[in-house]
Amino acid sequence: MINALLDWKHLSFEHPYFFALLALIPLMIWWQLQSKKKDSPAFRLTTLSGISKVRSTWRVQYRPVLFVLRIIGLAALVVALARPRSSNVTETIDSDGIDIVIALDVSGSMLAEDFKPNRIEAAKEAAMNFIDQRPTDRIGLVIFSGESFTMCPITIDHNVLKEQLSNVTNGMIKDGTSIGMGLATAVDRLHNSGGKSKVIILLTDGVNNMGSIGPEDALEIAKAFKTRVYTVGIGTQGQALIPVQTPMGMSKQLMPVEIDEPLLRKIAAETGGRYFRATGNKKLAAIYGDIDKMEKTKVDINSYKHYAELFFPFALIAIVCLALEMILRYTVFRSIT
């Protein structure tokens, strides 16, 4: 009960207009002071020597307690009439549920610095923001280069997912570009999921050059399992600075940007998705925003509010104070008028 009264965030009043009665308290105090002046008779004495040693009794000194009890009682009564109560809100969330896998290219060319600080870090940041916008969806992560690897199965625990995403770097698996393997692995993560809608976001900056499963075969697998694929080609037009290992150590060289856009367009079109081309950080962020809008999850939130009545303690205080004031007035502090 005490904790509920101190929880101001969930405290409300059913009849707050009763608080207007508190305006009577200052009027009562003023009236009490005026009455005290009128009720205090005065008479003249030729000397004070006869009454100098007379002291007022404790009954006289503590008589103002009666008025204090009345004020406290009336204030508590007003609060009780306002009907304070504590609310407890419970929510149930019903979601259609979209299962999503992000398939991210981590090949050496993803270290190109046409994005800040490079393509792979820009892709990770954009994916992080996308994940934050999908709190009710299950999302997984697949990485690929010369082969593919499931970094995180589809999960609703987005903190685990983002932790895994933050650990993604180039060199975790064999280098190269195997778009078919990345797509096939992503479909495999989804085909047994219970989501009503299954989506893959495949991001790459290259041309398929290796892998045991070709892009065309992976496309047929995606179509067979009714998986929608959004493809993203990442890289500026023309050339980009890419770190390259040389006998003298690492150096940056301008390399042509080669993206198999016809293949990515075909994959997106035949699975009901869409192809995007990202040429900078802002464009990449906007692409994820567009996908977020196209893949809206229907979420129904039902709120139930439960109330706990808190007027009783105030009503009890009012009764006790007013009853005590009346008893003391006609017993201990009784006066003869």
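Coordinates for the structure precede this section.
Overview of the structure. (Residues numbered from 1 in each chain as written. Predicted model: local features only at pLDDT ≥ 70, side-chain atom pairs only at ≥ 80, totals over all residues. Heavy atoms only, no water.)

Concerning a nonpolar patch on the surface
On the surface, Leu21, Leu24, Leu27, Trp30, Trp31, Leu77 and Leu81 cluster together into a nonpolar patch covering about 710 Å² of accessible area. Elements with a minimum of two residues in the nonpolar patch: α2 (24-38) and α4 (64-82). In terms of residues, the nonpolar patch owes the most to one element, α2, which gives 4 residues. Tracing the chain through its elements places Leu27 in helix α2. (Patch = residues over 30% accessible without salt bridge, like charges linked within 9 Å, V, L, I, M, F, W, Y side chains within 5 Å. Areas by Shrake-Rupley, 256 points an atom, 1.4 Å probe, with all protein chains shown as cover. Salt bridge = Lys/Arg side-chain N within 4 Å of Asp/Glu carboxyl O. Helix = DSSP H or I, 4+ residues; strand = E, 2+ residues; numbered from the N terminus.)

Looking at the packing of helix α5 (residues 119-132) against helix α6 (residues 158-166)
Two elements in contact, α5 and α6, have axes whose closest approach is 10 Å; the angle formed by their N-to-C orientations is 175°. When the axis of α5 is compared with that of α6, the two are roughly antiparallel. Seen from α5, the contacting residues are Lys124, Ala127, Met128, Ile131 and Asp132; seen from α6, they are His158, Leu161, Lys162, Leu165 and Ser166. (Axes fitted to C-alpha atoms, helices over the stretch in contact; angles between N-to-C directions. Parallel < 35°, antiparallel > 145°, perpendicular 65-115°, else oblique. Contact = heavy atoms within 4.5 Å.)

Concerning the packing of α4 against helix α11 (residues 311-329)
Geometrically, a packed helix pair is captured by the angle between its two axes and the distance between the axes. α11 packs onto α4 with a crossing angle of 155° between their chain directions and a minimal axis gap of 8 Å. Here α4 is positioned roughly antiparallel relative to α11, judged by the angle of their axes. Of the two possible hands of crossing, α4 and α11 adopt the one that is left-handed. Packed against α4, whose contacting residues are Leu66, Leu69, Arg70, Ile72, Gly73, Leu74, Ala76, Leu77, Val79 and Ala80, the element α11 presents Phe311, Phe314, Ala315, Ile317, Ala318, Cys321, Leu322, Leu324, Glu325, Leu328 and Arg329 at the interface. Its residues assigned to classes, the contact of α4 with α11 shows 17 nonpolar, 1 polar and 3 charged. (Left-handed = near helix turned anticlockwise from the far one by under 90°. Nonpolar A, V, L, I, M, F, W, Y, C, P; charged D, E, K, R; others polar.)

With respect to α4
Between its terminal C-alpha atoms α4 stretches 28 Å, which fits the 27 Å expected from 19 residues at 1.5 Å a residue. By the burial criterion, the buried members of α4 are Leu66, Phe67, Leu69, Ile71, Gly73, Ala76, Val78, Val79, Ala80 and Ala82. Arg83 lies just past α4 and shows a positive phi near 60°. (Expected span 1.5 Å × (residues − 1). Buried < 20%, exposed > 50% of the residue type's maximum accessible area, 1.4 Å probe, protein only.)

A short note on the sheet that holds strand β6 (residues 197-204)
Strand order across the open sheet formed by 6 strands is β5-β4-β3-β6-β7-β10, with mixed pairing between neighbours. Because the sheet does not close on itself, it has two edges, and the strands there are β5 (148-155) and β10 (275-278). Adjacent strand axes in the sheet meet at a mean angle of 15°, parallel and antiparallel pairs treated alike. Taken together, the 7 bridges between strand β3 (residues 98-105) and β6 define a ladder with parallel strand orientation. Note that in β6 the partner of Asp99 across the bridge is Lys198. (Pairing = 2+ DSSP bridges.)

Here we look at α11
In an α-helix, one turn spans 3.6 residues; hence positions three or four apart end up facing the same way. Between the first and last C-alpha of α11 there are 27 Å, a value that for 19 residues agrees with the 27 Å anticipated at 1.5 Å per step. Turning to α11, its buried residues number three or more, namely Ala315, Ala318, Cys321, Glu325 and Leu328. Turning to α11, the residues buried within the fold contact α4.

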